[in-house]
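Here are the chains, one letter per residue:
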Amino acid sequence: MDGKDVNVELDYQNEKKCGIAFESIKRMNIRQGHLVLFHNRDMIPADVVLLASSSDNGNVYIETSSIDGETNLKLRSSPTLPKEMMRKILDESGNEGQVLRETLEQATKRVCRLSTLAFPQGKSSIANPNNRRADESESDLEESAPKSALQMMKSSMMNVGKSISTGIGEMKKYHDEARSVEGETTESKYVMALKAEPPNASVNTFNGVLFLPPVDVDGPSVEVPLSADNFLLRGAVLRNTQWAIGLTCYTGPDTKLVRNSFETPSKLSRLDELTNRTVFAILGIMCLLIAYLSTATNISNNVHFDELWYAGFSRNPEKPWPYLPHSFEPPKWQEKTQNWFQLFFTILTAVSQFVPVTLYVTVEIVTFAMRYLMSSDLRMYDPISDTRSIARSTTVTDPGQVEYIFSDKTGTLTQNVMTFTRCSVDGAIFGAPVIELSRTSTSTNSTFTSLSSFLEYDSDRGMLTFNREMFLRVMSLCHTVVVEKDFEGKKPILVENGQDEDIENGDPTKEDKGRDGAPVGFAYQAESPDESALVEAASLEFGFQVAGRDSSGIRLSVSASTIFSDDTVVERIKNGSLTEEALAADTASLEGRLGLGVRTSMGVREEVWEVLAVNKFDSTRKRMSVLVRSPPELGSIPMLLCKGADSAMLDPTVVKDPSHIVGGNEDAKTISARGKAVEDSVENDYDIDSNLSLQSHLGEFAREGLRTLVLGVRILSESECSDWLDEYQEAATSIKNRDELLTAVAMSIERKLHIVGATAIEDKLQVGVPDTIDLLGRAGIKLWVLTGDKRETAKEIGYATKVLTEKMRDGLIEVAQASTDEVRTIMAMAFLKLAKHAKLPEYQTAAVSTDTAKPMERFFFKFGKFWRSLNRARRRFWHRYIKVLFWYITCRRDLPEVDPALLAIDKEEKKEESILQVTERRRNVRNRAEKIVRDYLNTPEGMARRRSRSNISSDDEISVEDMDMPSMIGPDVFDKARSAGAILKKRHKDEKEPSNKLEKLTKEKLAASCGCTRDAEDQLIIDEDVLSMKSVRPSDGEEDKKKFDKRKRTPLEMAFATDKSVRHGRLVKHLSASVLASINENGTSGENTNDLGEGPGTGIDGPRALVIEGAALEHLLGDDELEELLFAVANTCDSVIACRVSPAQKAQLVQLVRRYVVPEPVTLAIGDGANDVGMIQEAQVGVGISGKEGQQAVNASDFAIAQFRFLEELILIHGRWNFMRMSTLVLYIFYKNAVMVLCMVIYFGETMYSGTLLFDQWVVSTFNIVSFWPITFFGFFDRCLDKDYVKANPDVYNPTRRNELIKKRVVLRWGIICLIHMWTLYFFSLPALAKGGGGSTSAFFGLMTNKNPARPGDGEVGDLKTVGFVIFTCVILIMCFKVVYESKSIIVGQFPAW
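For the structure given in this document, a descriptive report is provided here. (Residues numbered from 1 in each chain as written. Predicted model: local features only at pLDDT ≥ 70, side-chain atom pairs only at ≥ 80, totals over all residues. Heavy atoms only, no water.)

Moving on, we get to unusual backbone geometry. Cis geometry marks the peptide bond from Val1158 to Pro1159, where omega comes out at -5°. Inspection of the secondary structure puts Pro1159 in the loop between α38 (1143–1156) and β32 (1162–1167). Notably, Asp386 is not glycine yet its phi reads approximately 55°, a positive angle. Tracing the backbone through its elements, the reader meets Asp386 in the loop between α10 (359–375) and β15 (390–391). Since its relative accessible area comes to 58%, Asp386 is described here as exposed. (Helix = DSSP H or I, 4+ residues; strand = E, 2+ residues; numbered from the N terminus. Buried < 20%, exposed > 50% of the residue type's maximum accessible area, 1.4 Å probe, protein only.)

The structure is reproduced here in structure tokens:
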């Protein structure tokens, strides 16, 4: 934004001239209404509306990886101006359209002619009295704004419009010289103004209106509707565009980026929190100890006051000094000792070492070393990306206590590299299967051909089939990919002699291709990796290269022959006598019943397909489409090309013949009837086979974890095309409900589609992901996968990564997008079933309905509630009245409208209202679940879905195997594939061999791929057998206890083992003799024989999993009771997959676990994109992966790694080691200080609690320094078990995960050892040295008793310092031996030790 960038002279109608230049200013000085110029690679400084750019039609490309984590470029366009306005701006009456490409000077002139830069005194176009009513325009914006924005007042929106329109006038202060226009009155001129929705946090939506000056003098202002396509977000980066000009809309805290940001939470490790609490406890204990010693000293001084003459105390001032002649004057005796408070501070100084002042210093030094060792671990280094792990936080011990892992999928479990792998066209599969991702134990029987055979022509007719050609045209035309110069030069390209000049001039060569299939020197820029994968495959694999994209359309470089080169075919298509189905069947047939001519290859040619309209993808339609017109040499035929999810494309309302679409719930009888029905339909024989086989193939693709898209076409007549374009133009220019109108218009044309095929794109797994997930699962850690992918893909990736297993199929709960009642009912049924089968014993009726008691507990609860409400009332009175009174007395005028303290009190009150007694809360959840089921049963839909077994009474025992785990899903892709395969098998069971070889090939492959004939089971919501059954009494574990003999435990195991299983005697060596005999005889215990099998689990007693969609979560989250119900069901599952979830829902699920698990567990969240930041910051441990979605996740994380598989090193190795080292270090530091101080405290009793120190002061001051080194090196290098052993036996992670190393039992053990060591040190040292003659002189006793004045001592040498130093040496030796005893390993080797 340098003034030298542009300096133009504005000449409006040859009246006056003024100079215009851009000025460089700081971002903080940008205001609403400013015109901003930014260049390639610049970050957008504010939320702006795009007005012009260096690209065609004012388009720009932006990268939003710092906002949403997506690295693919997004296309944004300038608003389309009416032709009349363009004529006025350009002063070219003959121009019928918008300028395709402008220079910076031209764009600056065009924009400035509409602003206050040209008319400093101009009026806002919004104030034009000829406009339509202002309230109508305002109402339109409100209805189109997001819900969050509607909650703001109308005046807020009007202020935005006003401030933006006047903001352009504020630019006067930057261009005073340029505005010196003399003698002209511009009061009647109108200038450009912007009216937008109120500031909100929705980054994907924007609605506004750009008001331009009227074309006619007395006419209304020109209203140009604005959408998210014309909006550039702050934080985005301009890419592949030389320059762009925008009008500032939101700045500062009003920008969408700031409104989506939140304060980064400060995190303390659990060990740090425990240490802080322990320090406070130690301070409390020390204060009590000092108070006791002060009291004892005071009492002792009063009792033995007369014996303290040697210290100068005496109540008789005339008393002479003992052992001196009486002729000496008596000394000045002190008649009283120190008072209690003086003694308190004296003893405080003496025992100050009781609080370990070196604790935090030692912890920080050891933490720094741990972070360095983690960053230097070669097992966590990725040589491919040259990325090492980084410990960004001091919470290095929390990875050793992780209980829940929340993981993103794309880019975290997968590589985020999309590769076109397989496709299904004409009933055949092209491309080899991805065998390593298949979840089935047996390989598929379907046959396939290589992708290279896709282009094999019929040798007799020399052409592609209609389905194959249109399949490739949809791949190469139905997208928003653009071809841009490779400014960054990152993509390797092929350059031959003589091509450099063409590249420099912007003319892409058609001879060679880059790595992505684009012309040499150019690169494809796509809005999604799926689109990029399809366009690249069309170019590299099939020769349909997208050579360029501009206002004229999409230029294709094609070498294959085309059916549209036949004039007869084109004519018959236009007059409607030749349909898509007829073309597909004829081109696939050898006979050629329609009489289509033989075509030869036309060589490499360039085609320009005109793009008439683009219907972008949205979550409602789940597909995108483009309306194109073929080149004149190919007949100028209008056609719709469409692609989307299989559920959206294979919808009966979308396809041309819905009878070809099967559901997933057909039984054998229905399948047989449909097989006969389609068999009788000879006319559409080939179309039926192709569609049924495609649906069967979709199941195979999804089973391999591939991302599938279904492709379709529709050929339109000229009248249909023109009529729809009128509707589209009206919807696109509408201000009110523009998005809804565009969706409705798109759905009106996206019907009667002819399905031409399906694509399968592989998102490859990262190396080692399945093994890592399996290892973490065996360590007792639960994994929740939170992804934005569709449910089928998420499930198959779950099977591939071992998040889901075959054993979970019987216990799999699926909740898809449905109505509120259905979603809540399915979760309530799952909850009730688990509760009645004793999987949720705390929610059983016996547990929540019995009021056994605890009257004292209820009393204290109610008393506490009353006390807190009284406290809140007191604080409210202070802030509402007293504080306000003082505010006005001190004449302060900046009193806020709403006091934050009052808001905090209200928030505290609401939070307390939601927290009830545990039993009462669980009772409410149980009652809510039963109410949901009862209400649903009374609805018409519920009565239609309910069922009951008449042969089972309510008092009978219900077998678990007879129960169906409830689920709320429609027929998924696997059910549809089974049904389609069964119908085809029935259809061709007795059919003779087909006459043409292509149909034969199709049916042979179809028969091979239709091995699944199992009928799809009905998906049930209500199972009344579950509702009527009695609850199973939860097991008390007595049967399991009988298998073990506790007498086999050793005393050391009972006292010192950290693992609960060892202490309780649950190891193999503790098994009773009878169980061991059974194992030796049968190989395993009879009760657990079935558990060793590999087959599916047995209903509710087997492993369970929950798969839920984000749309279903919306009906559950936000309600405390439903949230607890959801968590109760999810927590009983071994795996949870949440698909189609938003970033906010990811964070909410982490909050759900932290809120309802007691005690609060350590959670770990791992992701690689900006959309994972909320989840990462919400979890106790945040891990960011340095992937392809920017560095936002890494910057917000506590630990950064390059691959998901490094989690096993981070958690099982470093996390476990760090927690064991640090927990021992903290306990040791408290222990060593307590031993030394307690020795001095006991010695106080020997000196009548006078505060005399056992150790010399300088010795005490060196204690922390001397004892620092052993425990510090212990914290650096101690290892408990080798890395390979831990990975081979992940169960050893359980003690640290359960916090066994620093529980009350362990702390108590350290306390007892502290007392034993203190007692041993003191009573085995001091009496021997002092009273046994080994250290102190006997004069001590003579002076104290004064029994023999003639002989005060015997002259033996010995003093307090000598004895104290000897005891201090013993203390140091014991401290060192204690470190050695606590060490789990003695490292002998060379530096460095790691």
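The next subject is the pairing of strand β16 (residues 402–407). The buried fraction of β16 is high, at five of six residues. In this structure, β16 lies alongside β32, joined through five bridges in parallel fashion. From the neighbouring strand, Ser407 faces β32, where its bridge partner is Ile1166. (Pairing = 2+ DSSP bridges.)

Time to look at the side chain of Arg270. Take Arg270: it is sitting in helix α8 (residues 270–303). Engagement of the side chain of Arg270 in a polar contact is seen with the backbone oxygen of Pro1161, the distance being 3.1 Å. Those residues in contact with Arg270 that lie beyond four places of it in its chain are Asp398, Gln401, Glu1160, Pro1161, Val1162 and Gln1180. (Polar contact = N/O pair within 3.5 Å; in protein donor to acceptor, adjacent residues only side chain to side chain. Contact = heavy atoms within 4.5 Å.)

With the rule as written, the count across this model stands at 43 salt bridges. In this structure, the salt-bridge partner of Arg605 is Glu607, at a minimum N-O distance of 2.9 Å. Note that Glu1124 and Arg921 form a salt bridge whose closest N and O atoms lie 2.9 Å from each other. Of the two residues, Glu1124 sits in helix α37 (residues 1120–1131) while Arg921 sits in helix α27 (residues 918–937), which places them 203 residues apart along the sequence. Overall, Glu1124 belongs to the buried group, its relative accessible area being 2%. The exposure class assigned to Arg921 is partly exposed, which follows from its relative accessible area of 23%. One connected set of salt bridges, linked through shared partners, spans Arg379, Glu1208, Glu1209, Asp1284 and Lys1287. (Salt bridge = Lys/Arg side-chain N within 4 Å of Asp/Glu carboxyl O.)

Below, the discussion takes up the packing of α10 against helix α43 (residues 1263–1277). At their nearest, the axes of α10 and α43 sit 9 Å apart, and the two run at 30° to each other. Comparing the axis directions of α10 and α43 gives the class roughly parallel. Between α10 and α43 the crossing geometry is right-handed. Side by side, α10 and α43 meet where Thr362, Ile365, Val366, Ala369, Met370 and Leu373 of the first sit next to Phe1268, Thr1272, Gly1275 and Phe1276 of the second. Looking at the contact of α10 with α43, its residues break down into seven nonpolar, three polar and no charged. (Axes fitted to C-alpha atoms, helices over the stretch in contact; angles between N-to-C directions. Parallel < 35°, antiparallel > 145°, perpendicular 65-115°, else oblique. Left-handed = near helix turned anticlockwise from the far one by under 90°. Nonpolar A, V, L, I, M, F, W, Y, C, P; charged D, E, K, R; others polar.)

Before going further, it helps to spend a moment on the nonpolar core. Of all hydrophobic cores here, the largest spans 109 residues; its most connected members are Ile405 and Leu1207. By residue number, the principal contributor to this core is helix α41 (residues 1207–1246), which donates 26 residues. If near-sequence neighbours (up to four positions away) are discounted, Leu1207 is found in contact with Ile405, Thr772, Leu776, Leu1164, Ile1166, Val1183, Ile1201 and Leu1212. If you look at the next biggest cluster of nonpolar residues, it comprises 57 residues, including Phe522, Ala584, Val713 and Ile761. (Core = buried A, V, L, I, M, F, W, Y, C linked by side-chain atoms within 4.5 Å.)

Turning our eyes to something else, we now look at the sheet that holds strand β22 (residues 553–558). Here we have nine strands laid out as an open sheet, ordered β18-β17-β27-β26-β25-β24-β23-β22-β21, and antiparallel in their pairing. Strand pairing shows two members of the sheet lacking a second neighbour, β18 (428–430) and β21 (545–550), which therefore form its edges. Averaged over all neighbouring strand pairs, the angle between strand axes comes to 30°, with direction disregarded. With seven bridges connecting them, strand β24 (residues 623–629) and strand β25 (residues 638–644) associate as antiparallel partners. Bridge pairing in β25 links Leu627 to Leu640. Helix α19 (residues 718–732) rests against β23 (605–615), β24, β25 and β26 (707–715) of the sheet, and its axis sits at about 50° to β23.

Before going further, it helps to examine the sheet that holds strand β31 (residues 1135–1139). Taken in spatial order, the nine strands of this open sheet run β15-β34-β33-β32-β16-β28-β31-β30-β29, and their pairing is mixed. If you trace the sheet from one side to the other, it starts and ends with β15 and β29 (812–815), each paired once. Across four bridges, β32 lies against strand β33 (residues 1181–1185) in parallel orientation. Among the inter-strand pairings, Leu1164 is bridged to a residue of β33, identified as Val1181.

What follows concerns α10. Between the first and last C-alpha of α10 there are 24 Å, a value that for 17 residues agrees with the 24 Å anticipated at 1.5 Å per step. If you check which residues of α10 are buried, you get Leu359, Thr362, Val363, Val366, Thr367, Ala369, Met370, Leu373, Met374 and Ser375. Against the buried residues of α10 lie α8, β15, β34 (1199–1201), α41 and α43. (Expected span 1.5 Å × (residues − 1).)

This part covers the pairing of β21. By the bridge criterion, five bridges tie β21 to β22 in an arrangement that is antiparallel. From the neighbouring strand, Arg549 faces β22, where its bridge partner is Ile554. Hairpin remark: β21 followed by β22, antiparallel, with two residues in the connecting loop.

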